[in-house]
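Residues per chain are reported as follows:
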Amino acid sequence: VPSKCDGHCLASVSLLQIFNCSAPDTGNMEVLIRYGTEAQKERWLHPLLEGKIRSCFAMTEPQVASSDATNIEASITEGKGVYVLNGRKWWISGSLDPRCQLCIFMGKTDPAAPRHKQQSMLLIPMNTPGITVIRPLTVYGLDDAPAGHGEITFENVCVPQENILLGPGRGFEIAQGRLGPGRIHHCMRLIGYAERALSLMKERVTSRTAFGKPLAEQGTIRAAIAESRVEIEQARLLVLKAAHLMDVVGNKEAALEIAMIKVVAPNMALRVIDRAIQAFGAAGLSNDYPLAQFFAWARALRLADGPDEVHRAAIAKMELKR
């Protein structure tokens, strides 16, 4: 750890792993709990819950607009007792971690079926022949080692038919069930990034002097701190409301709140982190502190698990029906 970092740079990653609440593992656990057979849970869910292994989720493809999950082109064909998978996936978070043993793969089993019944999901051991990691992808130059985001090809990958989740044609249904909990988990993490950024900002401005007085006594700095606290608390309350509704009435009934917080939380975090970077000056841009990494993650989450535009469209659609 660099001397100036004092553990800041690694803290968020290590704590997520200590408490076993990293993406995409949490979302994959939800999938197995909701849709897995007892045998699938025994093989994959229990080791994930115990933190013994890690996992990845392969849906996004480079050649199509994957924000519309019905666009995916990876194929799943039926063989004798097996399914054969072919396709190229990218932004497969966690796939480069040496502990990653499970891939949940989404592809098309029946392109002629109704639009939302064409897709299926399969559980694939990562050591299955035919899986090739082409390259690690970077987010604003950060590689997120050791987990990373891989671009992967699947060439004639054979898995037993019992590895399918729910059955053929149920993939889109599973994706919708997975993404709700996955989104709320991301928003919870974003609240944490924002809190940490504000905490670092307060430490910085109380220890630095400019133009004859501490930065903390500058009016613009105080206004920025106030704005950050207000925005964090607003977002936190909407996260709590969405989580409460998911527990009480279920993910489907909480769809509006989930969509709203998925728009609110990343944008809030970006503003809070940006203010902290500004208060740090050039140091905020470096890897001596975690702010640049926080900013990259927050910006990525305006795209991950659905871009802002898709969520805004869903919010407007639901609002017009109320």
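Check the entry above for the structure.
Notes on the structure follow. Note that the coordinates shown come from a computational prediction; the quantities given were computed from them, not determined experimentally.

### Digging into the pattern of salt bridges
And then number 1: Inspection of the entire model under this criterion finds 21 salt bridges.
And then number 2: Across the pair Arg271 and Glu231 runs a salt bridge, and its minimum N-O distance is 3.1 Å. Separated by 40 residues along the polypeptide, Arg271 in helix H6 (residues 255-280) and Glu231 in helix H5 (residues 219-248) bring together distant segments of the chain.
And then number 3: What makes Arg271 partly exposed here is its relative accessible area of 39%.
And then number 4: Ionic contacts of the salt-bridge type, sharing partners, join the residues Asp25, Arg54, Asp97 and Arg99 into one network.

### Comments concerning the pairing of strand E5 (residues 119-125)
And then number 1: Counting buried residues in E5 gives seven out of seven residues, a clear majority hidden from the surface.
And then number 2: Looking at chain direction, strand E4 (residues 100-108) and E5 are connected through seven bridges and run antiparallel. Within E5, the residue paired with Lys108 across the bridge is Gln119.

### Notes on the packing of helix H4 (residues 171-207) against H5
And then number 1: Relative orientation of the contacting elements H4 and H5 amounts to 160 degrees, with a least axis distance of 10 Å. Taken together, the axes of H4 and H5 are roughly antiparallel relative to one another. When the axes of H4 and H5 are compared, the crossing they make is left-handed.
And then number 2: Residues that form the contact of H4 with H5 fall into these classes: 18 nonpolar, two polar and five charged.

### Description of the pairing of strand E2 (residues 75-78)
And then number 1: Pairing analysis gives four bridges linking E2 to strand E3 (residues 82-93), with the strands arranged antiparallel. Looking across to E3, one finds that Glu78 is bridged to Tyr83.
And then number 2: Where E2 folds back on E3, the antiparallel hairpin that results is connected by three residues, among which Gly81 adopts a positive phi of roughly 80 degrees.

### Topic: the nonpolar core
And then number 1: One finds Ile261, Met268 and Ile273 to be the most contacted residues of the largest nonpolar core, which totals 43 residues.
And then number 2: Put simply, the parts of the chain that give this core at least two residues each are H4, H5, H6 and helix H7 (291-300).
And then number 3: When residues in this core are grouped by element, the largest group, twelve residues, is from H6.
And then number 4: Excluding residues within four positions of it along the chain, Ile273 makes contact with Tyr193, Ala197, Leu291, Phe294, Phe295 and Ala298.
And then number 5: Membership of the second largest hydrophobic core comes to 21 residues, among which are Tyr35, Trp44, Leu48 and Ala175.

Thresholds, definitions, all that
- Residues numbered from 1 in each chain as written.
- Predicted model: local features only at pLDDT ≥ 70, side-chain atom pairs only at ≥ 80, totals over all residues.
- Heavy atoms only, no water.
- Salt bridge = Lys/Arg side-chain N within 4 Å of Asp/Glu carboxyl O.
- Helix = DSSP H or I, 4+ residues; strand = E, 2+ residues; numbered from the N terminus.
- Buried < 20%, exposed > 50% of the residue type's maximum accessible area, 1.4 Å probe, protein only.
- Pairing = 2+ DSSP bridges.
- Axes fitted to C-alpha atoms, helices over the stretch in contact; angles between N-to-C directions.
- Parallel < 35°, antiparallel > 145°, perpendicular 65-115°, else oblique.
- Left-handed = near helix turned anticlockwise from the far one by under 90°.
- Nonpolar A, V, L, I, M, F, W, Y, C, P; charged D, E, K, R; others polar.
- Core = buried A, V, L, I, M, F, W, Y, C linked by side-chain atoms within 4.5 Å.
- Contact = heavy atoms within 4.5 Å.

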